[in-house]
Amino acid sequence: MAKILLIEDDDKLRKMLAMLLTMEGYTVSEADNGRQGINTFEKETFDVIITDIFMPEEDGLGVMRTLVKSQPDVKTLVISGGARMGGGMQYLEFARLFGANLTLVKPFENDEFLAAVASLVSS
Amino acid sequence: MIRQAVTILGLFAISFVIAAEFELFESLYELTREYEAYQLDEFFSLAILFSGFMLIYSIYTNVYLFQAIWLRKAAEQNLSDLNRELEKRVIKRTAQLNAVNVQLRNEMDERAKMNALLAQNQKLETVGTMAGGICHDFNTLLGIIMGYAGMINTASEKAAPAHTMSEEILDAARRSKKLINQLSSFANPEKSDKKVQSLQSVIQDGARLLNAALPPTVSLSQDLPDTPCPMLVDADQIIQVILNLGINASHALEEDGRIQISLEPDEVDLPTAQAKGVESGAYFKMTVSDTGLGIAPEILNNIFDPFFTTKEVGQGSGLGLSVVFGIIKSHNGFVDVDSTPDQGSRFMVLLPQADIQSQTHQDQGGPHGQDTSH
């Protein structure tokens, strides 16, 4: 089954998404900030990487920059609920410019999320 | 001048009297000699001489008094003239000071008004920034709620209470999501799709949608200019503005109420522009007016605040006008309101023509001949 790396700084949301993916049969690894996420995918290979944008240490755009250079074939889903100071949604557009395959605005429906992951896994 | 004239006259009079006195003295001398001839007493001669001097003194005193009275009268006249002149000057100066005072008071009122507008604008911007933060946190929390509720819903049998309960949680979370989206569009109306288009056609589209949402007792009319009003706008957002303002207006209407949407060119002067945080110059003014209950003056400053509502709980989110504020701000314009209790309200949306001018300028690669200042 596909291996997924989930990078999200909110513990509860990350746990929930990890549970949802695990219930679908995916193998999930978790990272609670961008730096930890980069360290993880540099050691291990994943089919899909799901990352938030606004995180401590390294943000999702930093994750995308590193990933595109080192593993351009890995599929990515970038999720965001907007920025604390406004302007969050345009970062999803930046993420697409940085090479994100799909983006989702939080909060999303489980079906919506799973369908996005499934389409990345199968592509 | 008068004093000198009177003094000269006095001196003439005295000289004349002295000369006359000499004549008299000579005559008296002659007489005395004659009296001597008649052997009259010398005493009489001295008495006559003394009376002559008394006469001279009396004439001199009279002349002096006459001169003093004239001088006094002249001085009084002079003083009265000066007083009148002074009064005139005081009246003139007082009038000037009053005019300056009125001007100063007007300027102070205007400044106070502008300061209040500026403060209101800054407050809304601060609230917008705060709203951005709230949106981010709420979206994450809602994500958790929707995620777990969705899992419970999927895992439970359709007949099971957990299924129904999770449906309710999901429903509430979806409504919250919608609310947060509205708040987000106030905080940061960024998903903008601006195109150069005729404001008239955007307003007509908005009015068509609004008409469908209004109760049949409310009549909606439009007053749009024949000359095209091209603008760089996000049509969906402007329609949203029309809907929010129109639906708000309909809530203030009694039966047979009227709503009118009008459009006209307008100018924004520098003080207003500074207070509103926009550029001065040519604008288009879209007005949504109603014949409703109006807005109480004491709440007029709060109506654009997020979550401010006068509607009963559950009847309005209090975000409608905040969304309007956010959208118009993203179009570099501003919203003004003018309301009289029991007579109705007018919401004036001002959109700068500068955007379309610069856009046309860029498109044509040089100065353009299009006159948008009609």
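Let me begin by describing the structure that accompanies this report.

Basis of the calculations
- Residues numbered from 1 in each chain as written.
- Chains lettered and ligands numbered in written order.
- Predicted model: local features only at pLDDT ≥ 70, side-chain atom pairs only at ≥ 80, totals over all residues.
- Heavy atoms only, no water.
- Helix = DSSP H or I, 4+ residues; strand = E, 2+ residues; numbered from the N terminus.
- Buried < 20%, exposed > 50% of the residue type's maximum accessible area, 1.4 Å probe, protein only.
- Areas by Shrake-Rupley, 256 points an atom, 1.4 Å probe, with all protein chains shown as cover.
- Pairing = 2+ DSSP bridges.
- Expected span 1.5 Å × (residues − 1).
- Arc of directions from axis to C-beta.
- Polar contact = N/O pair within 3.5 Å; in protein donor to acceptor, adjacent residues only side chain to side chain.
- Core = buried A, V, L, I, M, F, W, Y, C linked by side-chain atoms within 4.5 Å.
- Contact = heavy atoms within 4.5 Å.
- Axes fitted to C-alpha atoms, helices over the stretch in contact; angles between N-to-C directions.
- Parallel < 35°, antiparallel > 145°, perpendicular 65-115°, else oblique.
- Left-handed = near helix turned anticlockwise from the far one by under 90°.
- Nonpolar A, V, L, I, M, F, W, Y, C, P; charged D, E, K, R; others polar.
- Patch = residues over 30% accessible without salt bridge, like charges linked within 9 Å, V, L, I, M, F, W, Y side chains within 5 Å.
- Salt bridge = Lys/Arg side-chain N within 4 Å of Asp/Glu carboxyl O.
- Lys, Arg positive; Asp, Glu negative; His and termini not counted.
- Charge placed at Lys NZ, Arg CZ, Asp CG, Glu CD.
- Phe/Tyr/Trp six-rings, centres within 6.5 Å; stacked < 30°, edge-to-face > 60°.

1. Side note on the overall build of chain B
Consideration 1: Each helix and strand in chain B was counted, giving eight helices and seven strands.
Consideration 2: Of all 374 residues assigned to chain B, the portion counted as buried reaches 35%.
Consideration 3: Accessible surface for chain B amounts to roughly 23000 Å². Of this, 57% is attributable to carbon and sulfur atoms.

2. Overview of the pairing of strand E6 (residues 334-340) of chain B
Residue and element names in this part refer to chain B.
Consideration 1: In the sheet, E6 pairs with strand E7 (residues 344-352) via seven bridges, with the strands oriented antiparallel. Bridge assignment links Asp336 to a residue of E7, and that residue is Met348.
Consideration 2: Hairpin connection of E6 to E7: three residues between the antiparallel strands, including Asp342 at a positive phi of 70°.

3. Details of helix H4 (residues 199-213) of chain B
Residue and element names in this part refer to chain B.
Consideration 1: Taking 1.5 Å of rise per residue, the 15 residues of H4 would be expected to cover 21 Å, and the 21 Å separating its terminal C-alpha atoms lies within 8% of that figure.
Consideration 2: Those residues of H4 not exposed but buried are Leu199, Gln200, Val202, Ile203, Gly206, Ala207 and Leu210. One side of H4 holds all its buried residues, which, seen down the axis, span an arc of 155°. Residues of H4 that are exposed and point more than 90 degrees away from the buried face comprise Arg208 and Ala212.
Consideration 3: Capping of H4 at its N-terminal end is provided by Ser198; its side-chain oxygen lies 3.2 Å from the backbone amide nitrogen of Gln200.

4. Overview of the nonpolar core
All names here are of chain B.
Consideration 1: Residues Ile328 and Phe347 are the most contacted members of the largest nonpolar core, which totals 40 residues.
Consideration 2: Mapped by element, the contributors of at least two residues to this core are H4, strand E3 (230-233), helix H5 (235-251), strand E4 (258-268), strand E5 (281-290), helix H7 (320-330), E6 and E7.
Consideration 3: Counting residues per element, this core draws most heavily on H5, at eight residues.
Consideration 4: Here Phe347 is in contact with Leu245, Met286, Thr287, Val288, Ile295, Ile303, Phe304, Leu321, Val335, Asp336 and Val337, once residues within four sequence places are set aside.

5. A short note on unusual backbone geometry
Consideration 1: Cis geometry marks the peptide bond from Lys106(A) to Pro107(A); its omega dihedral reads -5°.
Consideration 2: Even without being glycine, Glu57(A) reaches a positive phi, approximately 70°.
Consideration 3: With respect to the helices and strands, Glu57(A) occurs in the loop between strand E3 (48-52) and helix H3 (60-70).
Consideration 4: One non-glycine residue, Asp342(B), adopts positive backbone phi at about 70°.
Consideration 5: Note on Asp342(B): relative accessible area 65%, which makes it exposed.

6. What to know about the packing of H5(B) against H7(B)
The relative placement of two packed helices comes down to the angle between their axes together with the axis-to-axis distance.
All names here are of chain B.
Consideration 1: The geometry of H5 relative to H7 is characterised by a closest axis approach of 9 Å and an angle of 150° between their N-to-C directions. With respect to each other, H5 and H7 are oriented roughly antiparallel. In this structure, the crossing between H5 and H7 has a hand that is left-handed. Only Gly320, Leu321, Val323, Val324, Ile327, Ile328 and Ser330 of H7 make contact with H5, whose side of the interface consists of Gln237, Ile238, Gln240, Val241, Asn244, Leu245 and Asn248.
Consideration 2: Class assignment of the residues belonging to the contact of H5 with H7 gives a composition of eight nonpolar, six polar and no charged.

7. Some details on a negative patch on the surface
Consideration 1: A cluster of like negative charges, contributed by Glu254(B), Glu255(B), Asp256(B) and Asp342(B), occupies part of the molecular surface.
Consideration 2: One can find Asp256(B) in the loop between H5 and E4.

8. Examining the packing of aromatic side chains
Consideration 1: All chains considered together, the criterion is met by three aromatic pairs over all chains.
Consideration 2: Taken together, a centroid distance of 5.2 Å and an interplanar angle of 10° make the contact between Phe108(A) and Phe113(A) stacked. Each member of the pair Phe108(A) and Phe113(A) is classed as buried.
Consideration 3: With 6.3 Å between their ring centres and 65° between their planes, Phe66(B) and Trp70(B) make a pair best called edge-to-face. Note that Phe66(B) and Trp70(B) are positioned in helix H2 (residues 42-155) at a spacing of four residues, about one turn of the helix.
Consideration 4: Under the relative-accessibility criterion, Trp70(B) is labelled partly exposed at 41%.

9. Some thoughts on H5(B)
Residues and elements named next belong to chain B.
Consideration 1: Its 17 residues place the ends of H5 24 Å apart at the C-alpha level, agreeing with the 24 Å of an ideal helix rising 1.5 Å per residue.
Consideration 2: Within the sequence span of H5, burial applies to Ala235, Gln237, Ile238, Ile239, Val241, Ile242, Leu243, Asn244, Leu245, Gly246, Ala249 and Ser250.
Consideration 3: Regarding H5, its N-cap is Asp234, as a side-chain oxygen of that residue lies 3.1 Å from the backbone nitrogen of Asp236 further along.

10. Quick notes on the pattern of salt bridges
Residue and element names in this part refer to chain A.
Consideration 1: Under the definition given, this model contains 16 salt bridges over all chains.
Consideration 2: Between Arg14 and Asp11 there is a salt bridge, with the nearest N and O atoms lying 3.1 Å from each other. Taken together, the residues Arg14 and Asp11, both in helix H1 (residues 11-23) and three residues apart, mark about one turn of the helix.
Consideration 3: Note on Asp11: relative accessible area 44%, which makes it partly exposed.
Consideration 4: Connected through salt bridges with shared partners, the residues Asp11, Arg14, Lys15 and Glu30 form a single ionic network.

11. So, the sheet that holds strand E2 (residues 219-223) of chain B
Strand pairing in a sheet relies on backbone hydrogen bonds, with the paired strands running either antiparallel or parallel.
Residues and elements named next belong to chain B.
Consideration 1: Here five strands make up an open sheet; going across it, the order is E2-E4-E5-E7-E6 and the pairing mixed. Bordering the open sheet on either side are E2 and E6, each of which pairs with just one other strand. Neighbouring strand axes in the sheet, compared pairwise and without regard to direction, differ in orientation by 20° on average.
Consideration 2: Two elements, E4 and E5, share ten bridges in a ladder whose sense is antiparallel. Bridge pairing links Ile261 to Val288 in E5.

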